Number of protein chains: 2
Amino acid sequence: MSNLIPDLKSGPLDFYRKKASFDWKKLKVFIETEDIVKYQNDLYSVIRDHPDYKVDKTVLSTFDGQRRVATVQAMAQKSMDQLALLNTIHNLKMPPTATRIMMQVSPSATIKYVVGDRLFSSAIMNMGTKRHMKFISDMEEGKIFGCYALTEIAHGSNVRNMRCTATYDKQKKVFVLNTPDFEAAKCWAGGLGQLATHAVIYAMLVIDGHNYGLHSFVVPVRNPKTLLPHPGVIVGDMGEKIGLNGIDNGFIQFENYEIPKENLLNKLGDVTDDGKYTTPFKDPNKRHGAALGSLSAGRVTIAVICETMGVKALTIAIRYAGVRRQFGPDGKTEVPIMEYQTHQHRLLPFLAATYIIRNFNTYLSEVFYQFSIDRMMGIESEDGPEKGMEIHALSSASKPVVGWTMRDAIQECRETCGGHGYLKASGIGDIRNDHDANLTYEGENHVLIQQCSNYLLKLWPHVLKRQTISSPLHSIDFLTHGLDILAKKFNARSTQEICCPNTIIEIYQWLVTYLLKISHEKLENQLKSGKLQFWAKNDTQVYYAKSLAVAYIQHFYLQRMLLLISESPDEAVRNVLTRMFSLYGLWSLEKHISTLYRGQYAVGPELPELVHEAILKLCADLKDDSVSLIDSIAPPDFILDSVLGASDGMVYKRLEKSIKGSEYGMNRPRWWQDVVKFDLKNKL
Amino acid sequence: MSNLIPDLKSGPLDFYRKKASFDWKKLKVFIETEDIVKYQNDLYSVIRDHPDYKVDKTVLSTFDGQRRVATVQAMAQKSMDQLALLNTIHNLKMPPTATRIMMQVSPSATIKYVVGDRLFSSAIMNMGTKRHMKFISDMEEGKIFGCYALTEIAHGSNVRNMRCTATYDKQKKVFVLNTPDFEAAKCWAGGLGQLATHAVIYAMLVIDGHNYGLHSFVVPVRNPKTLLPHPGVIVGDMGEKIGLNGIDNGFIQFENYEIPKENLLNKLGDVTDDGKYTTPFKDPNKRHGAALGSLSAGRVTIAVICETMGVKALTIAIRYAGVRRQFGPDGKTEVPIMEYQTHQHRLLPFLAATYIIRNFNTYLSEVFYQFSIDRMMGIESEDGPEKGMEIHALSSASKPVVGWTMRDAIQECRETCGGHGYLKASGIGDIRNDHDANLTYEGENHVLIQQCSNYLLKLWPHVLKRQTISSPLHSIDFLTHGLDILAKKFNARSTQEICCPNTIIEIYQWLVTYLLKISHEKLENQLKSGKLQFWAKNDTQVYYAKSLAVAYIQHFYLQRMLLLISESPDEAVRNVLTRMFSLYGLWSLEKHISTLYRGQYAVGPELPELVHEAILKLCADLKDDSVSLIDSIAPPDFILDSVLGASDGMVYKRLEKSIKGSEYGMNRPRWWQDVVKFDLKNKL
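As the structure is a computational prediction, the values presented were derived from the model and not from experiment.

Trainee: Please explain the overall build of chain A as it appears in this structure.
Mentor: Assigned secondary structure in chain A consists of 28 helices and 11 strands. The globule rule puts the C-alpha radius of gyration for 684 residues at 26 Å, and the 27 Å found for chain A is close to it. If you line up chain A on its principal axes, its C-alpha atoms span 90 × 80 × 65 Å. Per-residue burial over chain A gives 64% buried out of 684 residues. In chain A, 74% of the contacts between residues at least 6 apart in sequence involve partners at least 24 apart. Only carbon and sulfur atoms are counted for the fraction: they give 53% of the accessible area of chain A, which is about 24900 Å². Positive and negative side-chain charges in chain A, numbering 80 and 75 respectively, have mean positions lying 2 Å apart.

Trainee: Explain the interface of chain B and chain A to me, please; I cannot follow it from the model alone.
Mentor: Frequently, the measure chosen for interface size is the accessible area removed from exposure when the parts meet. Contacts between chain B and chain A engage 132 residues on the former and 132 residues on the latter. Taken together, both faces of the contact between chain B and chain A bury some 12200 Å²; the carbon and sulfur share is 60%. Taken together, chain B and chain A are joined by 16 salt bridges. Two residues, B:Glu609 and A:Arg598, come together in a salt bridge whose shortest N-O distance is 3.3 Å. The tally of links from chain B across to chain A stands at 72 residue pairs in polar contact (both at pLDDT 80 or more). The biggest single contributor to the side of chain B that touches chain A is helix H4 (residues 63-78) of chain B, with seven residues. Taken together, the residues of the side of chain B that touches chain A break down into 54 nonpolar, 38 polar and 40 charged.

Trainee: Before we go on, may I ask you to explain the UniProt feature "active site" (unreviewed entry) in chain A in this structure?
Mentor: Residues and elements named next belong to chain A. Listed under "active site" (unreviewed entry) in the UniProt record, and renumbered for this structure, are Glu442. Tracing the backbone shows glutamate 442 in the loop between helix H13 (428-435) and helix H14 (445-457). For glutamate 442, a relative accessible area of 25% corresponds to the partly exposed category.

Trainee: Is there a simple way to explain the side chain of A:Asn445 in this structure?
Mentor: Residue and element names in this part refer to chain A. In this structure, asparagine 445 sits in helix H14. Given a relative accessible area of 1%, asparagine 445 falls into the buried group. Within polar-contact distance, the side chain of asparagine 445 engages the backbone oxygen of leucine 439 at 3.4 Å. Those residues in contact with asparagine 445 that lie beyond four places of it in its chain are Lys399, Pro400, Trp404 and Leu439.

Trainee: What should I look at first to understand helix H23 (residues 606-622) of chain A in this one?
Mentor: For the α-helix, the turn length of 3.6 residues means that residues three or four positions removed from each other point alike. Along its 17 residues, H23(A) runs 24 Å from first to last C-alpha, staying within 8% of the 24 Å computed at 1.5 Å per residue. Turning to H23(A), its buried residues number three or more, namely A:Leu607, A:Pro608, A:Leu610, A:Val611, A:His612, A:Ala614, A:Ile615, A:Leu616, A:Leu618, A:Cys619 and A:Leu622.

Trainee: Even after reading the chapter, I still don't get the UniProt feature "domain: Acyl-CoA oxidase C-terminal" (unreviewed entry) in chain A, so can you show me in this structure?
Mentor: Under the local residue numbering, the UniProt record ascribes the feature "domain: Acyl-CoA oxidase C-terminal" (unreviewed entry) to residues 501-677 of chain A. The annotated region residues 501-677 of chain A carries 73% helix and 0% strand content, and the separation between its end C-alpha atoms amounts to 70 Å.

Trainee: Even after reading the chapter, I still don't get the packing of helix H12 (residues 384-416) of chain A against helix H20 (residues 541-566) of chain A, so can you show me in this structure?
Mentor: All names here are of chain A. One can describe the packing of H12 onto H20 by two numbers: an axis separation of 9 Å at closest approach and a directional angle of 95°. In this view, H12 runs roughly perpendicular relative to H20, as classed from their interaxial angle. Only Lys546, Ala549, Val550, Tyr552, Ile553, Phe556 and Tyr557 of H20 make contact with H12, whose side of the interface consists of Glu390, Leu394, Ala397, Ser398, Val401, Val402 and Trp404. Residues that form the contact of H12 with H20 fall into these classes: 11 nonpolar, one polar and two charged.

Trainee: Please clarify how the nonpolar core should be interpreted in this entry.
Mentor: In summary, soluble globular proteins display a tendency toward joint burial of nonpolar side chains. Counting 319 residues, the largest nonpolar core has A:Leu577, A:Leu586, A:Leu655, B:Leu577, B:Leu586 and B:Leu655 as its most contacted members. In this view, A:Leu655 contacts A:His420, A:Leu423, A:Val643, A:Leu644, B:Ile153 and B:Phe182; residues no more than four positions away in its chain are not counted.

Trainee: When you look at the pattern of salt bridges in this model, what are you seeing that I'm missing?
Mentor: Oppositely charged side chains can pair when the atoms bearing their charge come close. Residue and element names in this part refer to chain B. For the structure on display, the rule yields 84 salt bridges over all chains. Notably, a salt bridge pairs arginine 358 with glutamate 32, separated by 2.9 Å at the nearest N-O pair. On the criterion of sequence distance, the pair formed by arginine 358 in helix H11 (residues 341-376) and glutamate 32 in helix H2 (residues 24-32) is long-range, its members being 326 residues apart. For the pair arginine 358 and glutamate 32, a shared accessibility class is recorded, and that class is buried.

Trainee: Any chance you could explain the sheet that holds strand E4 (residues 186-190) of chain A here in plain terms?
Mentor: Strand pairing in a sheet takes place through backbone hydrogen bonds and is either antiparallel or parallel in direction. All names here are of chain A. The three strands lie next to each other as E4-E8-E7, forming an open sheet whose pairing is antiparallel. Both edges of this open sheet fall to E4 and strand E7 (233-237), since each of them pairs with a single strand only. The average undirected angle you get between the axes of adjacent strands in this sheet is 25°. When E4 meets strand E8 (residues 249-254), the two strands line up antiparallel, connected through three bridges. Residue pairing across strands places lysine 186 opposite isoleucine 252, the latter belonging to E8.

Trainee: Would you explain the relation of the copies chain B and chain A in this entry?
Mentor: Note on the chain copies: they are related by a rotation about an axis and a translation along it. Overlaying chain B on chain A yields an RMSD of 0.0 Å, the required transformation being a rotation through 180° with an accompanying axial translation of 0.0 Å. Overall, the copies show the geometry of a two-fold rotation axis. Closest approach to the rotation axis among the C-alpha atoms of chain B is made by B:Ser594, whose C-alpha sits 3.2 Å away. The residues that chain B uses at the interface reappear at the interface of chain A in 100% of cases, marking a shared surface.

Parameters and conventions
Residues numbered from 1 in each chain as written. Chains lettered and ligands numbered in written order. Predicted model: local features only at pLDDT ≥ 70, side-chain atom pairs only at ≥ 80, totals over all residues. Heavy atoms only, no water. Helix = DSSP H or I, 4+ residues; strand = E, 2+ residues; numbered from the N terminus. Rg over C-alpha atoms; globule rule 2.2 N^0.38 Å. Buried < 20%, exposed > 50% of the residue type's maximum accessible area, 1.4 Å probe, protein only. Contact = heavy atoms within 4.5 Å. Areas by Shrake-Rupley, 256 points an atom, 1.4 Å probe, with all protein chains shown as cover. Lys, Arg positive; Asp, Glu negative; His and termini not counted. Charge placed at Lys NZ, Arg CZ, Asp CG, Glu CD. Buried area = accessible area lost by both parts, 1.4 Å probe. Salt bridge = Lys/Arg side-chain N within 4 Å of Asp/Glu carboxyl O. Polar contact = N/O pair within 3.5 Å; in protein donor to acceptor, adjacent residues only side chain to side chain. Nonpolar A, V, L, I, M, F, W, Y, C, P; charged D, E, K, R; others polar. UniProt positions renumbered as here; feature names shortened; annotations may be inferred. Expected span 1.5 Å × (residues − 1). Axes fitted to C-alpha atoms, helices over the stretch in contact; angles between N-to-C directions. Parallel < 35°, antiparallel > 145°, perpendicular 65-115°, else oblique. Core = buried A, V, L, I, M, F, W, Y, C linked by side-chain atoms within 4.5 Å. Pairing = 2+ DSSP bridges. Least-squares fit on C-alpha atoms with pLDDT ≥ 70 in both.

So this is what it looks like as structure tokens:
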């Protein structure tokens, strides 16, 4: 195992590493599998040795430098064998592993690569036909650069109200693209800002004045030889962003811009030469859904991205907490700040959350990729549509919940690093600013999560009838016994009992069932009182449908984690993972306590104290394991690149080097003489 | 009133402005007073016309540009009559007003001014004597630049373990300063990085091998003519930070660096020529406390800064929510996103929190400044020491709570602005990154808040004995009836009842008393079980002492707000402020529901649903007022400087101008030819 996983350097972190209750390498191999650890090592060494990944940091201090580096690195990803789709689909743990590593190395470059060329080609694969394959091969050969443009300035979530049009001209056999005004400009398309030569554009297909709804087209936007826009195309960059500035997010407007009829991606709908519209779909809603299908991969991937950002931040904060000493019982010998209850409580539940979510992400990625491959190969199993819906519900709830959880984790990491966490060299600021995009792209979280609650709300009538409820991934199976579950009461009487995984799963099952019940009732009552469906739905979100979707996905995270734990052959590993399970479970349940009382699942005064004491005990039990737990999932130092979080724990040595070596470190500003000349008296 | 407060431009926001239940100008004059509105106008016009505040934005795109602009603007603040201390102390609402405005205009410059020259001079005023006054006059004349350096690289919170030494040399009559290693370097000092010529330095005073504890010295660090460090001084910049990059935070180390004996700030302790230590304090702890006294002003001011950052973010998010339309009941006409329950619930409690906290901040600033002026003038009232302790407790709880509340508010604002909120031009990213520093400087929040719980924990024995408890600011007076309060039960039976201010105050009084009781008991039990005081205290923080301090300060916020509301002569103003009171009160109480059950204040299942329904109703009632509520506290557009938040609501016009006008907007990168030449085939 030591050949597979190199030892970590001895240093101040030995204090905790020596106290760990388990072998961090065994844990790593267990959660990753040996093949994946080898794949990680392989990818690490490719990146370590790649000339385009040796970046002089001063280049990154300018906006233009960030752009250039991200462009070069995105191109480099195209040529890495380890990332090529065909090389990774034989082991479906590989795609999420690749996402994790590449996102930790350089988020802008990776997203540029994924939402540029890869989303361009997958959209063409999904919605195009044979005649469009040349775009993919041109892109793969580097002759053209692709991107994907759906969102408009004034319409993001509400795609049906988009206003860019593609009007068919029978005489010329072309589509004429038009953007009525800036509010209808396509925007945020990654890769479009400065470089893309071709874009998949969604526009309303119009024939003879009739609007046939949203369709997609391959649109040449810039001359590949000059990168200048074609006449009739107004295209440009969105400007500086909070983070991810390496990506050239762009906007585009069209003025009577003609494209060949063949550029319509015509799998889902087509137009004959003389202007007749044809589609294999009878239901226009289904065609609309299929046209947006390529977005679901995004949600699954974004959840992995979020988790991976959290891992990076937690690596920094936990190692720093193991090194940083402050105060002590005798006023002289100081203790590491991880010894403090507040500190444990601020960090360890997020560490537990990360483990639980990471396991779920790996699982959902595998399921999703297998599902997509099957579909592409024409293998449609009997439960295919149901599985599609379940994946949709799970990813629609998980993307927001992982995003929020990791947002809070990163922020807590930032704050637990104290003042030095505010240094750019800590790395946490960039992690936060890059992660921030995850919270609003690919579906506004509060809109997206309704996809999940809508899926669940339909189940309540079946629960009431005591019908068997079962789904391909088993996330809703327990609802078969929904009415029995609702009759149960909280009955744990000790912290030991409440930490027991079965107790936690039972509480969660009651919680999901109860939230389903009251959300359904609330919706029905509002409809009965005369509210329009639109408003009744909207007014059933807070405390009801939203909480339902959150509890449902948390329950499923736990359900999957329990399966993982049961598969471990190592007792020490099982024990530490079980503690993490319980900590995450109880800490998440804590936010639902008022619902437990509302539904009279809890009646006496015991539950809150038991939950609180159990959480504190689990934190105290896990503190000695925390450094080794993070070691098992941390990226190598050259990727982490933080003065506070390196694996050798040499925080102060690195701080000194970073501070004294900075461009501004020991020099006067070039305008120092203006300062010296400043004289307030003369000025007055 | 229209002369005093200019009308806002008509536009898309009229939709909500016309629906407001009150006159936003009346509200503004009521919460500010007429004199303060005039003062605001005066300061606005000074800034608007000041040449140093007309900044070309491209200058700010570089680190060096930000430094230069902050330096120039900090110098400009020195010469603004409106900011001069003597011009503002006749109306103690002026200092927080000035902080609010200047922090909204340019945070880096303002903090540079405040923590540089102003903290330098106040430290000298507090701890120095006549012989040091020349440093203040030199600083005021612009001959020298001051700064204040306490924190060391390895010691922030634990100041008693600092390791920089000042050893008295009898022969030479000098102090010799030494920094044993980089871990003992002073750091984070604002203004020290590139420019300061003089620093107030805290060091351990050593005479003949005996350490007399932390003392402060005025230390010349750079030559004012050349800005080069004096020999024996190693000084430099901390490097890039997450935000506030205009400030040159610095570090400093000393190598046998001699300063004249007279540079010891000798009010709190002195050394005779022949090396005898003298001090007016019998208790060294009291001297230590007095030496750090200048930090309390920081906490009061930081709470104002936090609030002001929140106001800026909320102005952007609420106005954007009033303009941005998405979806609608008939699928065609779209409604502003403020119409959605989720959106109201995400933003309006933070708006309410901001009003309530803003009122408290104004109050505490007035009290604190009056207290400091009295003390400086030698007017020591009978309740002076008690008042000092109460101010200390209040500011130690409020700085963290305001910081956390505004952190969450800003983040929610960022997310509610969707994708466009991720643009730098939205302004929210910079607000978040600048605010972030508030969470860790001037006392780590979790350490700081213990100052407040320690103050409260001492009161429990008095509660038990039913003694009269009373404090100068009346924040703890209700504890006189602590035992009676604990006997009460929750008895509201409708949303109307639970929204009633008295009900909310009653619940809070029970909550604070109960948390005081269980925290005290927990601490006692741990001591009895044999834990050291140090560990018993630390292990009583989460769910106990920390929650106690939070509930206590929230109760006092509400108590002060109720007083303000009672003073309004306008019914509409009273009504809207009461709704905000109830919303903040219940939304804050929501996080304490488990404690209400734990202590059996609530017994049946009713409370959670009542709280939830009341919050949703208050949000719905306030949505039409939200734009006008923010208008009353928003900064003018030229200060807000956000494409999404301008008062005319012309979001899309501004977005277009910003995007198309950006440096990168419509241009190819200068390295475009490298991209065109790229050929994956050849590369492979």
